[in-house]
Each structure stands twice: as structure tokens, then as C-alpha cells.
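# A closer look at the structure
Here is what each chain is made of, one letter per residue.
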Amino acid sequence: MIEEILWEIGAVKTGEFRLTSGKVSNVYIDLRKLPSHPQAFRRVVEALAAVARTIEFDAVCGIAVGGLPIATALAYTLGKPLIYARREKKAHGTMKQLEGDYARGMKVLLVDDVATTGGTLLDIARLLKSEGLEVVEALVVVDREEGASEALRSEGLRLRSLTTLKKVLSARA
Ligand SMILES: O=P(O)(O)OC[C@H]1O[C@H](OP(=O)(O)OP(=O)(O)O)[C@H](O)[C@@H]1O
Ligand SMILES: O=C(O)c1cc(=O)[nH]c(=O)[nH]1
């Protein structure tokens, strides 16, 4: 089970954490360490691939940093092209925010590690739309169920997840 895997690799942390949205929480899911555990990583990516195979899309878009290794492994597993978004536009070099090769009209599956308010997914969905891409759905490992699903729905996007924070916490050994 995904929830058990997260506990096993120590991805569930307790303490006091400031979240991206500015909220404070006493629990934090740290999936940045997932690729350091190859067997767990493979199981999570296989579970994501099972969901992704039910969706029609042309390319995976990962969100740096936490979502990028996961999206990369997912795209590789599915044999789909990968593009990825920085949280901020580069201030030098190419000056880009969206990396990789893409074309207008491409159907994209947006992938991240965790969704809380959905602000990050929405920002990147808007970036993709501004480049002429079509975001078909968003897929994350953990939905904290703190507004992301509703926020995405209000812009016509469905959020899918492998699990929720509630399920992770109730699976605690
Ligand atoms: O739904 P939201 O309220 O937007 O929060 C979720 C976002 O927060 C985390 O990223 P973080 O900003 O910590 O960046 P990182 O992945 O680069 O560490 C997480 O990886 C999501 O992208
Ligand atoms: O909302 C966030 O910033 C956030 C929450 C969480 O549990 N894990 C994470 O990586 N980010």
C-alpha cells in the first residue's frame, strides 16, 4: 500500500512546518526522498502509471523540485515525452520557465508530488495554457485535501491522487 510505503521510507514527518501556501501544519509529506528508495519509488511510479494509463494525453509535465523525479520516472515508464516547469522563470540563460520540447495543442498530464491548496498546480496549469498546451488532468501522489481538488475543478480540471493525507495518517503503524 502506498500509505505504508510512505511511512517505511520516513516520508511522513511530524513537527511544525510552514507550507508553500503559508499555512502551518504539524505534518509534512516529504516525497523528495522517494527516489533514494528504489523499490518504494518503483511501486509508487507503477501505481501512478496504472492511473495515467486510463487517461488520454501526449506528454507528462513535472513540477520542480519535488514533482520532477516522479514525473520523469512516470514519463519514462509510459514511454511518453516529459516537459517540466520551474516555479520561477530562469533569470539567465534561456530565461525559460517551461523546459523540454512541446508544441501548441499538446495534451498534458500535470504531475506533482503533493497537492495542498492546489495553488502550485493551478499556476503551472495556467503557464501551460499560456503556451497553448491543453492540461487534461492533474495527478499527485498525496492530496492533503486542503482545497486543491475544488480549486482545480473551478478551472475545469480534475485532480487525481494515489492517496490522501487522512489515509496516510490512519495507516500509521
Ligand atoms: O498545493 P500547494 O498549496 O501549492 O502546495 C503543494 C506544493 O508544495 C510543495 O512544493 P514546494 O513549494 O515545497 O517546492 P519544492 O517541490 O521545490 O520543494 C509540493 O511539492 C507542491 O508543489
Ligand atoms: O503544502 C506544502 O507545501 C507541502 C505539504 C506537504 O505535506 N508536503 C510538501 O512537500 N509540501
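Computed from a prediction, not measured in an experiment: that's the story for all the values here. (Residues numbered from 1 in each chain as written. Chains lettered and ligands numbered in written order. Predicted model: local features only at pLDDT ≥ 70, side-chain atom pairs only at ≥ 80, totals over all residues. Heavy atoms only, no water.)

## A closer look at the UniProt feature "binding site: 5-phospho-alpha-D-ribose 1-diphosphate" (unreviewed entry) in the chain
This chain's UniProt record puts "binding site: 5-phospho-alpha-D-ribose 1-diphosphate" (unreviewed entry) on Arg86, Lys90, His92, Asp112, Asp113, Val114, Ala115, Thr116, Thr117, Gly118, Gly119 and Thr120. Spanning 35 residues, the annotated positions stay apart in the fold, the maximum distance between their C-alpha atoms being 30.3 Å. Among the residues examined, aspartate 113 registers a relative accessible area of 6% and is labelled buried. Contact partners of aspartate 113, with chain neighbours within four places excluded, come to Leu31, Arg32, Gly66, Gly67, Ile70, Val140, Val141 and Val142. Relative to the helices and strands, valine 114 resides in strand β6 (residues 107-115). Take valine 114: its relative accessible area is 18%, and that puts it in the buried class. Filtering out sequence-adjacent residues up to four positions away, valine 114 remains in contact with Ile29, Leu31, Val140, Val142 and Arg144. (UniProt positions renumbered as here; feature names shortened; annotations may be inferred. Buried < 20%, exposed > 50% of the residue type's maximum accessible area, 1.4 Å probe, protein only. Contact = heavy atoms within 4.5 Å. Helix = DSSP H or I, 4+ residues; strand = E, 2+ residues; numbered from the N terminus.)

## Examining the site of ligand 1
The local shell around ligand 1 holds 17 residues, among which Thr20, Asp112, Asp113, Thr117 and Thr120 are the closest. Contacts to ligand 1 include valine 65, whose backbone N or O atom sits 3.0 Å from an oxygen atom. Between ligand 1 and aspartate 112, the relevant distance is 2.6 Å, taken from an oxygen atom to a side-chain nitrogen or oxygen of the residue. Considering ligand 1 on its own, with 510 Å² of exposed area, one finds that the protein chains cover 83% of that surface. Looking at the shell around ligand 1 residue by residue, the classes come out as five nonpolar, eight polar and four charged. (Near = heavy atom within 4 Å. Polar contact = N/O pair within 3.5 Å; in protein donor to acceptor, adjacent residues only side chain to side chain. Areas by Shrake-Rupley, 256 points an atom, 1.4 Å probe, with all protein chains shown as cover. Nonpolar A, V, L, I, M, F, W, Y, C, P; charged D, E, K, R; others polar.)

## Examining the site of ligand 2
Near ligand 2, the surroundings consist of Leu19, Thr20, Tyr28, Ile29, Arg32, Val114, Thr116 and Arg144. Tyrosine 28 places a polar side-chain atom, nitrogen or oxygen, 3.2 Å from an oxygen atom of ligand 2. For ligand 2, an oxygen atom lies 2.8 Å from a polar atom in the side chain of arginine 144. Isolated, ligand 2 exposes 290 Å² of accessible area, and the fraction of that covered by the protein chains is 94%. Counted by class, the shell around ligand 2 contains four nonpolar, two polar and two charged residues.

## Notes on unusual backbone geometry
Between alanine 64 and valine 65 the backbone carries a cis peptide bond, its omega angle lying at 5°. By secondary structure assignment, the location of valine 65 is in the loop between β3 (59-63) and α3 (67-78). Backbone geometry places methionine 95, a non-glycine residue, at a positive phi of 65°. Looking at methionine 95, the relative accessible area reads 40%, which means it is partly exposed. If you check the backbone angles, glutamate 145 has positive phi at about 55° while not being a glycine. Tracing the chain through its elements places glutamate 145 in the loop between β7 (134-143) and α5 (148-153).

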